[in-house]
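Structural description and commentary
Listed here are the chains, written in short residue letters.
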Amino acid sequence: MTKFLAVCSTGLGSSFMVHMNIEKVLKELGISGIEVDHADLGSVSPSSADAVFVGSDLAEAAAGLGDVVVLTNIIDINELRAKVSDAAARHGHTA
Amino acid sequence: MDAVIDVLLDIFTKPAVIVALIALIGLAAQSKSFSDVLKGTVRTLVGFLVLAAGAGVVVTALNPFGEMFQHAFNVQGVVPNNEAIVAQVLLDYGSAAALIFFFGMIVNIALAATTRFKYIYLSGHVAFYIAAMFAVILGVAGFAPWAVVLWGSIAQGVYMVVSPALVQPFMRRVTGTDDVALGHTGGAGIALSGLVALITRGKGTSKSTEEMNFPKGLGFLRDTTVIVALSMAVIYVIVGLFAGAPYIENELSNGDNFIVYLLLLAANFSAGVFIILAGVRVVLAEIVPAFKGISEKLVKNAKPALDVPIVFTFAPNAVLIGFLASFVGGIVSMAAMVAMGTAVIIPGVVAHFMTGAASGVIGNAAGGRRGAMLGAFANGVAISFLPLFLLPVLGNVGLANATFSDADYGVFGLILGGLSAAGGQVAIIVGLIASVAVLYVLTFVLRARDKALAAATNTPEAREVEADLTDEAGRAATPPAVTPRH
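Residues numbered from 1 in each chain as written. Chains lettered and ligands numbered in written order. Predicted model: local features only at pLDDT ≥ 70, side-chain atom pairs only at ≥ 80, totals over all residues.

Take the overall build of chain A next. A tally of regular secondary structure across chain A gives three helices and four strands. The order of α-helices and β-strands along chain A, N terminus first, is β-α-β-β-α-β-α. Taking 2.2 N^0.38 as the reference for a compact globule, 95 residues should give roughly 12 Å; the C-alpha atoms of chain A span a radius of gyration of 12 Å, in line with that estimate. Each of the 95 residues in chain A was classed as buried or not, and the buried ones make up 47%. Of the contacts formed within chain A by residues at least 6 apart in sequence, a portion of 56% connects residues at least 24 apart. (Helix = DSSP H or I, 4+ residues; strand = E, 2+ residues; numbered from the N terminus. Rg over C-alpha atoms; globule rule 2.2 N^0.38 Å. Buried ≥ 20, exposed ≤ 12 C-beta atoms within 10 Å, placed from the backbone. Contact = placed C-beta atoms within 7 Å.)

Right under this line is the structure:
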């Protein structure tokens, strides 16, 4: 199963919000078969997920985690929708 | 019959069980499948036990620190770290904290649905932490267990709309929208930063932090496990040098070399925080989505109040400037405490990073780079002295070697503690009822003002005013983080 992971420094607040928003967006787009979760930066390795979502403030720290999707503004749902859709397509999921 | 009741009481007074039941309700409310409900409930039960186990690890690392600090300086040394203190508090106040957390969400939804304060506080981890603090303060004030939960839930619900409201005037300047709010226990300190930035702005000659060239490469600051271990290592070794090698090797380390012992102790502290965070993450996993889903159904125009990193991307330079300025505020405050001979609050790197960085972003939006520095410095001083003043309010918990770190614990804890000192339980109850009343009075006053404005827009002069206001709103909509301030 394809896995998307939202990541922030403690894995408690903002990554959880991005995680819930990714699920919401996937549902809107009608894409299934992708598991979504959230985690703290220190626990994530390149094999943890197929795509890792971070805010641009963490782009540098998250480099090297494989397919890293950088969100310019983590509260912008339109940006997230476009990037989730692209990432899903990259991993073989379309609506 | 009595035996059955005893068994039931045994079950339902265990905090892990209460938390699991809350998750069960949340999962059922989202109409999940039986297997999801079972899985989520058991995970939450286990998650809470993980959290409690982390408390033990943190305490084994903190106790020698406390003894060492006492030996070296003859005063209490306190590490402000929410995870470290909350995990310990939950051992004694877990049931009350879990119930306050649960009913507090219901009060939050009720207040958001019926007042102008439309905030839904979605940062579950810090909401859980402050619920634990309310449980302690009301317990220390002598309330019966059911009363702790009743008044604690009201305090919690009021807190969950007031803290985002304090920051919202400044959040609008950062995000350019009124749709999203900041929900974090650093709220009061972050709002203070905005206020300080506004006052010190003068004619507004300070440029934005984002027009500066600032060194990159401090990304490692964002790995909590690493930064907690490194910063605690520095603190442990400094205190250890004052306590002296002979004392540590004779009394604490069983003869191990004191530097090796201290470095491992610091790593142990980070390990404890890591375990607690993992537990908190599991506990919240089923509860927060249910809270979000239900609030979206019941509250029209709800404004989600979210964790601090949501503002970090608006002004990356202000994040670093804010952290540094806040940390300097913490060091200066610590020096002042040493000089005054009070208990000493060690600057907590995680707290200064999270709330200091947000203070920097908010301060920058309100008053440019000068605002970012001065505002975040003010936050750093606030999150040093507020925990110090809060210690006596917390009873025995105040004697621990760790304490609550962010500004809201100090501000709201001291309000409740002050009421308790002034008039005991009656004063707390009156204060809480009054605070709810104030929220409704403000709602009616603001509604009346809006109606008057709407009525006034029918006169020609009023249309001009309205045009000005629209213009003002238009300007406010451009994110100030990228707009140079002159």
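With that settled, consider the overall build of chain B. Of the regular secondary structure elements, chain B holds 15 helices and six strands. Against the compact-globule benchmark of 23 Å for 486 residues, chain B has a radius of gyration of 24 Å, which places it among compact chains. Considered along the principal axes of its C-alpha atoms, chain B spans approximately 85 × 65 × 50 Å. For chain B, buried positions account for 55% of its 486 residues. A fraction of 82% describes how many contacts in chain B between residues 6 or more apart in sequence connect residues 24 or more apart.

Below, the discussion takes up the sheet that holds strand 1 (residues 77-80) of chain B. Residues and elements named next belong to chain B. An order of 5-1-6 is seen for the three strands of this open sheet, with the pairing classed as parallel. This sheet does not close on itself; its edge strands, each paired only once, are strand 5 (344-345) and strand 6 (402-403). Where strand 1 meets strand 6, two bridges bridge the pair, whose relative direction is parallel. Bridge assignment links P80 to a residue of strand 6, and that residue is T403. (Pairing = 2+ DSSP bridges.)

Our focus in this paragraph is the environment of I154(B). Its location among the elements puts I154(B) in helix 6 (residues 145-175). In this structure the C-alpha to C-alpha distance between I154(B) and N108(B), which are 46 residues apart in sequence, comes to 8.6 Å.

Moving on: the interface of chain A and chain B. At the interface, 23 residues of chain A touch 26 residues of chain B. Listed by contribution, the elements that provide at least two residues to the side of chain A that touches chain B are helix 1 (14-29) and helix 2 (59-62) of chain A. Counting residues per element, the side of chain A that touches chain B draws most heavily on helix 1 of chain A, at four residues. When grouped by side-chain class, the residues that make up the side of chain A that touches chain B number 10 nonpolar, 10 polar and three charged. (Nonpolar A, V, L, I, M, F, W, Y, C, P; charged D, E, K, R; others polar.)

All names here are of chain A. Extensive coverage of strand 1 (residues 2-8) is indicated by the burial of five of its seven residues. The pairing of strand 1 with strand 2 (residues 34-40) spans seven bridges and is classified as parallel. Bridging from a neighbouring strand, L5 pairs with D37 of strand 2. Taking the sense of rotation as the criterion, the β-α-β connection linking strand 1, helix 1 and strand 2 turns out right-handed. (Right-handed = clockwise from strand over helix to strand, strands pointing away.)

One recurring pattern in soluble globular proteins: nonpolar side chains tend to sit buried together. One finds V7(A), F53(A), A132(B), A135(B) and V361(B) to be the most contacted residues of the largest nonpolar core, which totals 200 residues. Per element, the largest residue contribution to this core is 21 residues, and it comes from helix 13 (residues 349-390) of chain B. Those residues in contact with A135(B), other than ones at most four positions away along the chain, are Y93(B), A96(B), A97(B), I100(B), V148(B) and G152(B). (Core = buried A, V, L, I, M, F, W, Y, C linked by C-beta atoms within 7 Å.)

Turning our eyes to something else, we now look at helix 6 of chain B. All names here are of chain B. Between the first and last C-alpha of helix 6 there are 42 Å, a value that for 31 residues agrees with the 45 Å anticipated at 1.5 Å per step. Most pronounced at Q168, the bend in helix 6 amounts to some 50°, and the proline P169 follows within four residues. Among the 31 residues of helix 6, 24 are classified as buried, and the element is accordingly described as predominantly covered. Just past helix 6, the residue G176 takes up positive phi, approximately 75°. (Expected span 1.5 Å × (residues − 1). Bend = angle between axes of the 7 residues up to and from the residue.)

Residues and elements named next belong to chain A. With 16 residues, helix 1 ought to run about 22 Å at 1.5 Å a step, and its terminal C-alpha atoms sit 22 Å apart, in line with that. Listed in full, the buried residues belonging to helix 1 are S14, S15, F16, M17, V18, H19, N21, I22, V25 and L26. Within two residues after helix 1, G30 carries a phi angle of roughly 75°, on the positive side.

Turning to unusual backbone geometry, a few remarks are in order. Residues and elements named next belong to chain B. Notably, N74 is not glycine yet its phi reads approximately 65°, a positive angle. Looking at where N74 falls in the secondary structure, it is placed in the loop between helix 3 (34-73) and strand 1. Phi at N301 takes a positive value of approximately 55°, unusual for a residue other than glycine.

The next point concerns the confidence of the model for chain B. Residue and element names in this part refer to chain B. Put simply, chain B has an average pLDDT of 89, and 92% of its residues get 70 or more. Taken as a whole, residues 462-486 scores under 50 in pLDDT and shows 36 contacts with residues more than four places along the chain or in a different chain. Here the complex is predicted with pTM 0.89, and the ipTM for its interfaces comes to 0.88. (pLDDT = per-residue confidence, 0-100.)

Attention now moves to the sheet that holds strand 3 (residues 51-55) of chain A. Residue and element names in this part refer to chain A. As summarised here, the arrangement of the four strands in space is 2-1-3-4, forming an open sheet in which the pairing is parallel. Of all the strands in the sheet, just strand 2 and strand 4 (68-71) have a single pairing partner and so form its edges. With strand direction ignored, the average angle separating the axes of adjacent strands in the sheet is 25°. Two strands pair when backbone bridges link them, and strand 3 and strand 4 are joined in this way by four bridges, in the parallel orientation. Residue G55 lies in a different strand from strand 4, and its bridge partner there is L71. Where helix 3 (residues 77-90) meets the sheet, its contacts fall on strand 1, strand 2, strand 3 and strand 4, and the angle it forms with strand 4 comes to roughly 170°. (Axes fitted to C-alpha atoms, helices over the stretch in contact; angles between N-to-C directions.)

All names here are of chain B. Contact geometry for helix 5 (residues 124-140) and helix 14 (residues 407-456): axes closest at 11 Å, N-to-C directions at 25°. Between helix 5 and helix 14, the angle falls in the class roughly parallel. Note that helix 5 runs across helix 14; the crossing there is right-handed. Residues I130, M133 and I137 of helix 5 form the contact with helix 14, whose own contacting residues are D408, Y409, G413, L416 and G417. Broken down by class, the residue content of the contact of helix 5 with helix 14 amounts to five nonpolar, two polar and one charged. (Parallel < 35°, antiparallel > 145°, perpendicular 65-115°, else oblique. Left-handed = near helix turned anticlockwise from the far one by under 90°.)

This brings us to the packing of helix 6 of chain B against helix 14 of chain B. In helix packing, the relevant descriptors are the interaxial angle and the interaxial distance, both defined with respect to the helix axes. Residue and element names in this part refer to chain B. Look at helix 6 against helix 14: their axes get within 12 Å of each other, and the N-to-C directions meet at 130°. Our classification of the angle between helix 6 and helix 14 gives oblique. Seen from above, helix 6 lies across helix 14 with right-handed handedness. When helix 6 is examined against helix 14, the residues W151, I154, A155, V158, Y159 and S163 are found in contact with a partner set consisting of D408, F412, L416, I428, I429, L432, S435 and V436. Tallied by class, residues from the contact of helix 6 with helix 14 come to 11 nonpolar, two polar and one charged.

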